[in-house]
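Commentary on secondary and tertiary structure
Each chain is listed here by its residues.
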Amino acid sequence: MTAIAIATATATALSLPISFTRSSKFTNRKGVSGGFVVFAISASSGEGGGLVDKKNPWSTLFNVEEPRFKVSQSKGKFLDVNEAFEVARYDIQYCDWRARQDLLTIMLLHEKVVDVLNPLARDYKSIGTLKKDLAELQEELAEAHKQMHISEARVGAALDKLAHMETVVNDRLLQDRNTTATEITTSSPPSTSKETVERKTQRKGLNVSGPVQPYHPRLKNFWYPIAFSRDLKEDTLIPIDCFEEPWVIFRGKDGKPGCIRNTCAHRACPLDLGSVNEGRVQCPYHGWEYSTDGKCEKMPSTKFVNVKIKSLPCFEQEGMIWIWPGNEPPSATIPSLEPPKGFQIHAEIVMELPVEHGLLLDNLLDLAHAPFTHTSTFAKGWSVPSLVKFLTPSSGLEGYWDPYPIDMEFRPPCMVLSTIGISKPGKLEGQSTKQCSTHLHQLHVCLPSSRNKTRLLYRMSLDFAPVLQYVPFMHILWRHFAEKVLNEDLRLVLGQQDRMINGENVWNMPVSYDKLGVRYRLWRTAVEEGATKLPFSKYN
């Protein structure tokens, strides 16, 4: 009864309402209703009878007609979008039909195994005959399971096609949006000049070119992580730049962090050059002292007057210091950036990089460059796949890479989280993160310091080898490796930035594996334009 329940649930789950052309070798056999082809099963007569002729309680679940493709084709290309969706519908129907056949094959073979092992059947058969029957059934079951795995691969490929169709539709919508404002009605014949070709090419992409413009105030209305908690001691001052403004963070009398403008109200001296005195920042020039709310509480050698410098909302959560640099009231929820359950933090690194934070995010959200760029670090030995895809929900900023065992997410406003399945070097292809026994989790925070500088916070966690946390000087090794990987990217991103400032479009022609980077750019544009509902994001 358990087998029947499982079969019923499986068949029901497979009842989906994109294209693999059926092989001409698939032909129906006698005794199989509904047009089924049962692999590894022969309807031969003899001892035990024909397997497929035997009545079984699951026949109604598998009585599904073979799908027929009804859309006409023209020169190998479909004529319109409706026919393209007909292809998608047919693919899913065919995968459903194929999977039902494979499942039926396995179930019938299992039933025959039960028959062979039936005590009544053993009374009339020799041990040798039973062994032979079981050996034959074992081979047939192996073949049937193989066909089931093929069906699973077909279903995966069909879902990949759906993701690709979604990318094509998004690209078309993007193209329509870019061309609507520039369409001009003219009676002159179309030109095929170089200028026309370049104009058409540009309309397919995003326009990210020219000097970096001042940051839009709306981009500031988010919580931004700016430092790791372990770096902020009681007597520590950490200077940062955020959106081209100087700030300094420190701990107050109560141990809670504060963030104030890194400029003394008296003579504009940088406060981070001073020290922390009883939970207040003391200016090194004339000794004025400021609390975490920016209020000047001490003013030596002169008459005290009420003075206050600007401060930002500042909180500590899950080992990170966060600020809200925007003018709107802060949101009540700070995103969680903790590693997944079972991971231990092994390294937390901070770097100041001479690139605009959007270009760095573009780079981090792209894995297709790895076998060409990181040839001396983590991608050494990687083969170059024939096709790299990023598969993601239609309304999400997260997904997974194929063929690499890497899950990735863009977390607004400036974070990238990734989980990497650790395998043998150079042999990452063909596995998902769930199939890997050990993993590396990464957090990259790209804080926009200025239009040509990014403060990068990097956290690395592992779900194995916890003893590495206690190895002396291990953090130096991790930092060395992180800098080596980053330097491989920096020389390219700095070159992009130079070209971009001189007018080149760094998103001139996005392709399928650029999906996550394109979605980040569309999200950012929507924020700057004041969209009430941000695209792709669940963190509105």
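All values reported here derive from a predicted model rather than from experimental measurement. Sequence positions are assigned chain by chain, starting from 1 and proceeding in written order. Thresholds applied to this predicted model are a pLDDT of at least 70 for local features of residues and 80 or more for the giving and counting of side-chain atom pairs; totals over whole chains, interfaces and linings are not thresholded and use all residues. Hydrogens are left out, water is left out, and the side-chain values use all remaining heavy atoms of the structure.

At least two DSSP bridges between two strands are required for those strands to pair. Going along the chain from the N terminus, every DSSP run of H or I of four or more residues is numbered as a helix, and every run of E of two or more is numbered as a strand. If you walk across this open sheet you meet the seven strands as 12-18-17-16-15-14-13, and the pairing is antiparallel. The outermost strands of the open sheet, each flanked by one partner alone, are strand 12 (344-353) and strand 13 (389-391). Pairwise comparison of adjacent strand axes, ignoring direction, gives a mean angle of 20 degrees for this sheet. The strands that helix 8 (residues 474-501) touches are strand 12 and strand 18 (453-462); relative to strand 12, the one it contacts most, it runs at about 45 degrees. Note on method: axes are straight lines fitted to C-alpha atoms, helices fitted across the in-contact stretch only, with angles between N-to-C directions ranging 0 to 180 degrees. What makes two residues a contact is simply this: any of their non-hydrogen atoms within 4.5 Å.

The next subject is the sheet that holds strand 2 (residues 238-242). Within the open sheet, the four strands sit side by side as 2-3-4-9. Their pairing is antiparallel. Strand pairing shows two members of the sheet lacking a second neighbour, strand 2 and strand 9 (311-312), which therefore form its edges.

The next subject is the confidence of the model for the chain. How sure the predictor is of each residue is captured by pLDDT, a score from 0 to 100. A residue-level look at the chain finds 67% of positions with pLDDT of 70 or above and a mean pLDDT of 77. The model gives residues 1-54 a pLDDT under 50, and that stretch makes 104 contacts with residues more than four places away or in other chains. The low-confidence segment residues 180-204, where pLDDT is below 50, has 12 contacts with residues more than four positions distant or belonging to other chains.

Moving on, we come to the pairing of strand 10 (residues 314-317). Relative to strand 11 (residues 320-323), strand 10 is paired through four bridges, and the arrangement is antiparallel. Each bridged residue has a counterpart across the sheet, and for F315 the counterpart in strand 11 is W322. Here strand 10 hands over to strand 11 after two residues, with E318 in that stretch at a positive phi of 50 degrees.

Turning our attention to the pattern of salt bridges. Think of a salt bridge as a Lys or Arg side-chain nitrogen and an Asp or Glu carboxyl oxygen that are within 4 Å of each other. The full count for this structure, using the stated rule, is 17 salt bridges. We note a salt bridge from R261 to E245, for which the minimum N-O separation is 3.0 Å. Of this pair, R261 sits in strand 4 (residues 257-261) while E245 sits in strand 3 (residues 245-251); the two residues are 16 residues apart in sequence, bridging distant segments of the chain. Three labels apply to residues, based on accessible area from a 1.4 Å probe with only protein chains included: buried if under 20% of the type maximum, exposed if over 50%, partly exposed otherwise in between. A relative accessible area of 27% means that R261 is categorised as partly exposed.

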